[in-house]
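Commentary on secondary and tertiary structure
If you want the building blocks of each chain, they are given just below.
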Amino acid sequence: MFSWSSNPFIRLVLSLLVGILLGIFVFPQIGFISLLFPLFFCIYTFLIFNRKINSTYAIASWLGVVITILFILLGLLITQFNNELNSSKHYLYKIHLNEPSTFVVKVVEAPVRKKSTIQVVGQIEEVFSEKGKSKTIGKALFYIENDSAPSSINYGDKLLIQAKLSLVNAPQNPDEFDYKQYLSYKNIFAQAYVKRDVVKLVSSNNGNTFITLSNKCRFYLLNEIQKNISSGDEFSVLSALLLGYENDLSPDLVKAYSSSGALHVLSVSGLHVAIIFIVFEFFLSLLPYFKRAVRFRTIVLLLLLWGYAFITGLSPSVLRSATMLSFVIIGKSLDRKISVYNSLAASAFLLLIINPFLIMDVGFQLSYLAVLGIVMLHKNIYAWWIPDNWLVDKIWSLSVVSISAQLATFPLGLLYFHQFPNYFLVSNLFVIPISTIILYCGMFYLAVSPINAIAKPLAYILEQLTFALNQSVLMIDKLPYSIFENIHISILQTCLLYLGVIIVTTAIVLRKRTYLNYTVLVVLSFLVTVVVTKIQSARQKQLIVYAIKKYTAIDFVSGNRLFSYMNEVEIGKSKMDFHINHHRNSLYVNAITPLVNDTIIQPVFKKHNFIQFYNKRICIIDSTFSIPVNDVKVHLDLLVVSDNAQIDLKTIKRYFIFDTLILDSSNSLYYTNKWETVCKESGVKFYSVLKSGAYIENL
């Protein structure tokens, strides 16, 4: 039976979470909270040390309320103090954005090397300006040309960089991934593209010694893998699976793993740490001394666990998983009656105290939900059927693990990734056993890699196993209906799904089928939200000029039909997915008609470069546009200029009367600025998609 007294950290972490969320969304600035916290701390201290008051039941119950408020305030405070913009020393208060400045930058993360750039996250320690040198804090993102740096850039290097910093752009299109917000949770608010001759190495080895050694260890082991495994996909998957190095993974391979529900094996996470822990625990259990010395065995297990985290580069996902499992190990060693939920809550509490913005990390959310799902559901679902056959029993147990984790995470997966892998059960039956064998063989290979006589045949076995893993994933990905894509659900619908999951989970754990009756109410509520959304989408009329650099992209939405004026093949699937498709999914369109040729389909009429959508008249002036030969001026609502069309405002006014002139994102910045100046001088209503984001008009 669950009780708060045996799970104190659950109450504490929930209070802390409320405070953190308030600090992120309601009170981001330091203010009166800094006064309230010491006040409630004094009240708490008074209640604790006053024996007469503390002995009465009524006052003792109020003590719980005070503790709850205290930890909510603590969550608020640590969130505000971890927001570096709240410091007057932040570099944004010392420079002029979009103007050249000189910075001393310390590389605080391992650089990500791409074809044309090196992506560097740097702590700006000093800024040089006309007023002199200023000590600063704050991180920024630098994209350095691949040949612009010294021979190499590594974690802990100090660089002298001259650059124009600009704020990270907000999403330019509706429902586009908010990269600005994502970086803000990492305290990164500005970025710069740096050319070849403005980067100088000041000094090396300025980072944390432990992290530096960890990175060097990981890259040494990567080289050891590459010595004997040269195949691209096999090497990239092995690097990701064994050492958490994901930079070499191809987009197609990542998509295949994602579609099959096996993406979790490509990043060192809870699954990998748990597998490593199991083998460590098994070998230690064979030694008689470790059976008796429980605490010494625990220390050895923790050292081995964190040793594995060390060689994988101490990435955030590894640190999170190792911390989570460490608390479970410690809890088991102290008292077998200690609740695993309390141990998980304690690990989350520690991680959030260190970095409260972790709560906004998708990996953090999914990791804890998956573990909670397995802990809560595995035993109870497994008990429904206990096979007699050993192999069938193992398959059933593995399937239950997948079902438990999927039940706990699928609503969040739908919200964030808009897809559901239909064959996740099948894929995990192949992926988890094969990846487990690869992990064990890989660890052994890394241990014996200096001995070529053993390493080479083992490398061949590893390569073949990884090839089999990749092929099984690709095979499942190619099966019909392998994935439900383009699913769009709201936050309210996500909450309703989780409410349904909680009710079902409670019914399973407590073995009370009557609880399932409440799912009817949840399902009906969910269906109501779907019906309301469908009614709203059937009435929508929208015109969108999207912001995709170098391309013209316009959608005309009428109910559940969409008319598209763009070259989707030329734009490419990746850009379509990132900039456009999420918004299309949110509109619940079920028919897309390309406006390639002249078209007459109500409510759209298209003739050459002229389009009428309901009562809106639009003309698109591009490189193919021909000036009308008649002398009658054409009345328009919107005039869209694209593709750096060679035409001037005087010529346009001679032939058109229009309300708004729109420059889409296919135009260059120079061309856009020139038109903006001309329009302002002439008093013409002007909108730049390139500079202001997508143009959206609801009719």
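Residues numbered from 1 in each chain as written. Predicted model: local features only at pLDDT ≥ 70, side-chain atom pairs only at ≥ 80, totals over all residues. Heavy atoms only, no water.

Between helix α7 (residues 232–243) and helix α17 (residues 452–478), the least distance of the axes is 9 Å, while the angle of their chain directions is 95°. Between α7 and α17, the crossing angle belongs to the class labelled roughly perpendicular. Residues D233, E234, V237, L238 and L241 of α7 form the contact with α17, whose own contacting residues are L462, E463, T466, F467, L469 and N470. Residues that form the contact of α7 with α17 fall into these classes: six nonpolar, two polar and three charged. (Axes fitted to C-alpha atoms, helices over the stretch in contact; angles between N-to-C directions. Helix = DSSP H or I, 4+ residues; strand = E, 2+ residues; numbered from the N terminus. Parallel < 35°, antiparallel > 145°, perpendicular 65-115°, else oblique. Contact = heavy atoms within 4.5 Å. Nonpolar A, V, L, I, M, F, W, Y, C, P; charged D, E, K, R; others polar.)

On to the side chain of T212. Within the secondary structure layout, T212 lies in helix α6 (residues 209–228). Given the relative accessible area of 12%, T212 is considered buried. With sequence-adjacent residues up to four places away left out, T212 is seen in contact with Y155, N205 and G207. (Buried < 20%, exposed > 50% of the residue type's maximum accessible area, 1.4 Å probe, protein only.)

This part covers helix α23 (residues 669–682). With 14 residues, α23 should cover 20 Å at 1.5 Å per step; its first-to-last C-alpha distance of 20 Å lies within 8% of that length. Listing the buried residues of α23 in full gives Y671, T672, W675, E676 and C679. Angular distribution of buried residues about the axis of α23 spans 135°; they occupy a single face of the element. Seen from the buried face of α23, the exposed residues on the opposite side, beyond 90 degrees, are Y670, K680 and E681. (Expected span 1.5 Å × (residues − 1). Arc of directions from axis to C-beta.)

Let us now look at α7. Look at α7: 16 Å from first C-alpha to last across 12 residues, which is about the 16 Å you get at 1.5 Å a residue. Of all 12 residues in α7, 10 are buried, a share of seventy percent or more. Restricting attention to buried positions, one finds in α7 the residues E234, F235, S236, V237, L238, S239, A240, L241, L242 and L243. G244 occupies a position one or two residues after α7 and carries a positive phi of about 70°.

Another aspect to go through is the sheet that holds strand β16 (residues 599–601). Read across the open sheet, the seven strands follow the order β16-β17-β18-β19-β20-β21-β22; overall the sheet is mixed. Only two strands of the sheet have a single partner each, and these edge strands are β16 and β22 (686–688). Averaged over all pairs of adjacent strands, the angle between their axes in this sheet comes to 20°, without regard to strand direction. Pairing analysis gives seven bridges linking strand β20 (residues 634–641) to strand β21 (residues 656–663), with the strands arranged parallel. Bridging across to β21, V640 finds its partner in I662. (Pairing = 2+ DSSP bridges.)

Summary statistics for the protein give a mean pLDDT of 84 and a share of 92% for residues scoring 70 or more. Within the protein, helix α3 (residues 51–55) has the poorest average pLDDT of any element, 56, and strand β12 (residues 541–545) the best, 94. (pLDDT = per-residue confidence, 0-100.)

Here R513 shows up in the loop between α18 (491–510) and α19 (517–538). Once the C-alpha coordinates of R513 and F40 are considered, the two residues, 473 residues apart in sequence, prove to be 44 Å apart.

The next subject is the sheet that holds strand β14 (residues 561–566). Reading across from one edge, β15-β14-β13-β12-β23 is the order of the five strands in this open sheet, with mixed pairing throughout. Either end of the sheet is taken by a strand with one partner, and the two such strands are β15 (591–594) and β23 (695–698). Within this sheet the neighbouring strands show an average axis-to-axis angle of 15°, counted without direction. Examined bridge by bridge, β12 and β23 share four bridges and lie antiparallel to one another. Within β23, the position partnered with I544 by the bridge is I696.

Before going further, it helps to spend a moment on the packing of aromatic side chains. In this structure the tally under the stated criterion is 21 aromatic pairs. When the ring of F177 is compared with that of Y179, the centres are 6.4 Å apart and the planes differ by 45°; the resulting orientation is tilted. Accessibility expressed as a relative area gives 28% for Y179, which makes it partly exposed. Each member of the aromatic cluster is reached from another via a ring pair, and the members are F9, F71 and F349. (Phe/Tyr/Trp six-rings, centres within 6.5 Å; stacked < 30°, edge-to-face > 60°.)

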